Amino acid sequence: MGYGRKGRGRGAASAGALALVLCVGGLLAAPSAQAATGGCAGDLVRTLPLPTGEVRVYKSRTQACAVTVAGDPGRRRPMAVSIQPRGGVPVGDSGQFTRYAGPVTVGAISRCVYVKGSIESGSVDSGWILC
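Residues numbered from 1 in each chain as written. Predicted model: local features only at pLDDT ≥ 70, side-chain atom pairs only at ≥ 80, totals over all residues. Heavy atoms only, no water.

Describe the nonpolar core, naming the residues involved and giving the relevant values.
Formed by 19 residues in total, the largest nonpolar core has its most connected members in Val-55, Ala-64, Ala-66, Val-81, Ile-83, Val-113 and Val-115. For this core, the secondary-structure elements that each account for two or more residues are strand S1 (43-50), strand S2 (53-59), strand S3 (63-70), strand S4 (77-85), strand S6 (100-107), strand S7 (113-119) and strand S8 (122-129). Setting aside its immediate chain neighbours within four residues, Ala-66 contacts Cys-40, Arg-56, Val-81, Ile-83, Gly-102, Pro-103, Val-104 and Val-115. Counting 5 residues, the second largest nonpolar core, distinct from the first, contains Cys-40, Tyr-58, Cys-65 and Val-69. (Core = buried A, V, L, I, M, F, W, Y, C linked by side-chain atoms within 4.5 Å. Buried < 20%, exposed > 50% of the residue type's maximum accessible area, 1.4 Å probe, protein only. Helix = DSSP H or I, 4+ residues; strand = E, 2+ residues; numbered from the N terminus. Contact = heavy atoms within 4.5 Å.)

Structure (structure tokens):
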């Protein structure tokens, strides 16, 4: 038996199920906490200043994460961030953004990481940190 226009169709049921899964998974439960960290999990362990913003580095038990954040959000500008675990491949995000580039995350259990970030012509790198 199919659902007509008056009944509840599969699209509505699927959307409801998705909302339930996201809520149970915690993605809808605390958007302000995730927004405050730029989407990174863990504790803020390093801030690298840029002329028009900063690169924030976070560390959890198993991962390291980085995000480049504009000091004056709103205007599109070239931004980039990358993080590389020692002995691994760098993971990055770059493009024209208004608020932030990233987050980018790598597995970093007992591993140093190298972080780079830029906003327009200003750039910064961390050297090997979190060793």
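Additional details are given in the paragraphs that follow.
Can you break down the pattern of salt bridges residue by residue, with the values?
For the coordinates displayed, the defined rule picks out 3 salt bridges. Put simply, Asp-72 and Arg-77 hold a salt bridge, and the shortest N to O gap is 2.9 Å. For Asp-72, a relative accessible area of 41% corresponds to the partly exposed category. (Salt bridge = Lys/Arg side-chain N within 4 Å of Asp/Glu carboxyl O.)

Go over the state of the cysteines, please, and point to the residues and values.
Within the structure shown, the criterion is met by 2 disulfides. Sulfur-sulfur distance for the disulfide between Cys-40 and Cys-65 comes to 1.9 Å. The S-S bond linking Cys-40 to Cys-65 shows a torsion near -65°; that makes this disulfide left-handed. Placement of Cys-40 in the loop between helix H2 (31-36) and S1 and of Cys-65 in strand S3 is noted, with a sequence separation of 25 residues between them. No difference in accessibility class separates Cys-40 from Cys-65, as the two residues are buried. Disulfide partner of Cys-112: Cys-131, at an S-S distance of 2.0 Å. Residues Cys-112 and Cys-131 are joined by a disulfide whose S-S torsion is about 135°; by sign, that bridge is right-handed. (Disulfide = S-S within 2.5 Å.)

Lay out the sheet that holds S8 with the relevant residues and their values.
With respect to topology, 4 strands assemble into an open sheet ordered S5-S4-S7-S8, the strand pairing being antiparallel. Sheet topology places strand S5 (91-97) and S8 at the edges, where each strand pairs with a single neighbour. For this sheet, the mean inter-axis angle between neighbouring strands, taken without regard to orientation, is 5°. Pairing of S4 with S5 involves 7 bridges; the strand directions are antiparallel. Counterpart to Met-79 in the pairing with S5 is Gly-95. (Pairing = 2+ DSSP bridges. Axes fitted to C-alpha atoms, helices over the stretch in contact; angles between N-to-C directions.)

Give a description of unusual backbone geometry that names residues and reports values.
Here the residue pair Gly-102 and Pro-103 is connected by a cis peptide bond, since its omega of 5° sits within 30 degrees of zero. If you trace the backbone, Pro-103 turns up in strand S6. Notably, Glu-120 is not glycine yet its phi reads approximately 50°, a positive angle. In this structure, Leu-130 takes a positive phi of about 60° despite not being glycine.

Please provide a residue-by-residue account of the side chain of Arg-77, values included.
Structurally, Arg-77 is set in strand S4. Here the side chain of Arg-77 touches Asp-72 through a polar contact of 2.7 Å, landing on its backbone oxygen. There is a polar contact of 3.1 Å between the side chain of Arg-77 and the backbone oxygen of Arg-75. In this structure, Arg-77 is in contact with Ala-70, Asp-72, Gly-95, Gln-96, Phe-97, Thr-98, Ile-119 and Glu-120, ignoring residues within four places of it in sequence. (Polar contact = N/O pair within 3.5 Å; in protein donor to acceptor, adjacent residues only side chain to side chain.)

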